[in-house]
Amino acid sequence: MSKILVVDDEEHIRLLYSEELKEAGYEVITAESGYKLLEKIEEEKPDLVVLDIKMVDYNGLDILQDIRNQFYDLPVILSTAYDTFKEDMKSIAADFYVVKSFDLTELKKKIAMALETRLPD
Amino acid sequence: MAFYEENPGQIAQADIVVGIPTANEAGNIALTAARVDEGLSEYFPDMRRAIINCDNHSSDGTREAFFSAPGKASKLYISTEPGSGGKGRNVRNFFEKARRLNPKAMVIIEADIRNISPVWLRNLVTPVLKGAGFVCPIYERHKYESFLSNSIIYPLFRCLYGRRVRQCNAGDYAFGPKMLDIYLDPPFRSEMVDNSGADIWMADLALASRLPIVQAIMGAPKLHRVRGRFADLPVRFAEAVGTIFDLVQVNDTYWQQVKWSKPTALSGTDLQEVETPLPPADVSPERLHEKFIEDFDKYYRLWEHVYGPIVARKLQEIRSIGLQHFSFPTQTWMTILFDTMVAYRGMSISERKELVDGLLPLYVGKVLSYVKKAWRMSLQQAEEYIENECMTFEENKPYIIKSWTKGEKG
């Protein structure tokens, strides 16, 4: 079972994503901020991270660079309410992005694709 | 081995080695060498630094201009023999010389960049010192710049090798000792690689190397000499595309295992955008359309033979549309590129030449289609359009694997 880490400062989003993704057959863990996130990734070893871009104390795009530098191939999907983030070059380090919605069809599709991605060892 | 070498400081070792390939660049090389030296001194003051001018035996005083540039890094000059040109030969000489200096990081940077900034060196070299195998820059580009990258290199490499490296043909790269080993003992090299296919060859081998790749954000466009759009296009196109198709065969075990694509890590994300004006885009839809129509009848029989009746009919339909509503569907372009790759493998050298020559007008048609679609788009919208085209390529990967495997069975 693939383990997904959902990072979002809004509790209702964490709950929604957790329930729906668990129903879809994933193991889900959550974090409410970027605080000690790299340590959490190191400990929990998720297969994929769903990362909010605009959190109160953290910029998701900066966290994305840290994740990419330390966990080179870990898939990261950016989750956002606005698509203006695409103007920032840092966003190209993400595997995919989704616009936040109560319908998680797109998120589930992108998670499946990101987990299927295969590069030879 | 270089035909000629000057190593006035008798340098035998260096931690960072920068190569500047040249062919009659007396007017540019001093500035480039000085800026490179500034970058190395500022960001890597404690490392042993060397700059090598890898020259095509220039007769315009390139060597003298290079040695006259101010700076603290050791300078070396190497050259091919008289009459032997091509960037590929220069970079090969660079690889061989670099190997003897036992560096931790190497950079190749073009001599004619007018706005080279010292911080570019930091962004290219730092990831290599931290373990990256290959670093490719991302310059700011106009939406109508680098059509070859937008239409062929980026979508094809992304689909085949699974890495989203946006400017594989940038011409400036950094790499580490493991990549140098591959360049010195490559699975493939050709006359085209020795000439202008060198850039694509270096990037292609890196993408299939399994080594970590990083893209370096440069924060500015690369202002350099603009090569004529049509004058030398057939040769540059044939050498770049031919090199891609040659390496597709060499790397086929690798790319057949790749599914979807992944982003790379970035360096230089702290860089503030520098206000350098983007170069004006010199694009004429009328001229592109003329070129597409001009060669249509010349190559139509070849296209019919290679791509089959369905694609041939589609091409007739595209021709009949006229300039005002001209459109070259992504699906048709993708099928053509994939089928060309497969056909190329089983052909003789002369047949391959004709095949790639015949791809050129179709590429011009694809460029025209993009130019028209992107006419009112912002740069970001144009990038999204290209990203969507890349997804079409990736979604159709099973088609190329099936065609390729079928071709193997004869």
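Please read these numbers as outputs of a predicted model, since none were measured by experiment.

### Observations regarding helix H1 (residues 29–43) of chain B
All names here are of chain B.
Then step 1. Here H1 spans 21 Å end to end across 15 residues, near enough to the 21 Å set by a 1.5 Å rise per residue.
Then step 2. Among the residues of H1, those classed as buried are Ile29, Thr32, Ala33, Ala34, Val36, Asp37, Gly39, Leu40 and Ser41.
Then step 3. Contact partners of the buried residues in H1: strand S2 (16–22), strand S3 (49–55), helix H2 (62–68) and helix H4 (118–129).

### Describing the packing of aromatic side chains
Residue and element names in this part refer to chain B.
Then step 1. Inspection of the entire model under this criterion finds 28 aromatic pairs over all chains.
Then step 2. Judged by centre distance (5.9 Å) and plane angle (75 degrees), the ring pair of Phe95 and Phe175 falls under edge-to-face. Taken together, the residues span a long stretch of sequence, with Phe95 in helix H3 (residues 87–101) and Phe175 in strand S7 (residues 173–175) at a distance of 80 residues. Note on accessibility: Phe95 and Phe175 belong to one class, buried.
Then step 3. Among the aromatic residues, those joined into a cluster by ring pairs are Phe292, Phe296, Tyr299, Tyr300, Trp303 and Phe326.
Then step 4. Against the face of Tyr43 rests Arg122, its NZ or CZ located 5.8 Å from the ring centre.

### Some points on the environment of Phe134 of chain B
All names here are of chain B.
Then step 1. For Phe134, the location among the structural elements is in strand S6 (residues 134–138).
Then step 2. Each C-alpha atom, one on Phe134 and one on Gln380, is 26 Å from the other, the two residues being 246 residues apart in sequence.
Then step 3. Beyond its immediate stretch of four places on either side in the chain, Phe134 contacts Tyr173, Ala174, Phe175, Met179, Tyr183, Met202, Ala203, Ala206, Pro212, Ile213 and Val214.

### As for the interface of chain A and chain B
Then step 1. Contacts between chain A and chain B engage 24 residues on the former and 25 residues on the latter.
Then step 2. Where chain A abuts chain B, roughly 2300 Å² becomes buried across the two surfaces, and 57% of that area is made up of carbon and sulfur atoms.
Then step 3. Viewed at the interface, chain B and chain A are joined by 3 salt bridges.
Then step 4. Among the ionic pairs, Asp95 of chain A bridges to Lys262 of chain B, the shortest N-O distance being 2.8 Å.
Then step 5. There are 10 residue pairs in polar contact (both at pLDDT 80 or more) connecting chain A and chain B.
Then step 6. Here the element with the most residues in the side of chain A that touches chain B is helix H3 (residues 60–70) of chain A; it accounts for 3 residues.
Then step 7. Considered class by class, the residues forming the side of chain A that touches chain B number 11 nonpolar, 3 polar and 10 charged.

Calculation criteria
- Residues numbered from 1 in each chain as written.
- Chains lettered and ligands numbered in written order.
- Predicted model: local features only at pLDDT ≥ 70, side-chain atom pairs only at ≥ 80, totals over all residues.
- Heavy atoms only, no water.
- Helix = DSSP H or I, 4+ residues; strand = E, 2+ residues; numbered from the N terminus.
- Expected span 1.5 Å × (residues − 1).
- Buried < 20%, exposed > 50% of the residue type's maximum accessible area, 1.4 Å probe, protein only.
- Contact = heavy atoms within 4.5 Å.
- Phe/Tyr/Trp six-rings, centres within 6.5 Å; stacked < 30°, edge-to-face > 60°.
- Lys NZ or Arg CZ within 6 Å of the ring centre and 35° of its normal.
- Buried area = accessible area lost by both parts, 1.4 Å probe.
- Salt bridge = Lys/Arg side-chain N within 4 Å of Asp/Glu carboxyl O.
- Polar contact = N/O pair within 3.5 Å; in protein donor to acceptor, adjacent residues only side chain to side chain.
- Nonpolar A, V, L, I, M, F, W, Y, C, P; charged D, E, K, R; others polar.

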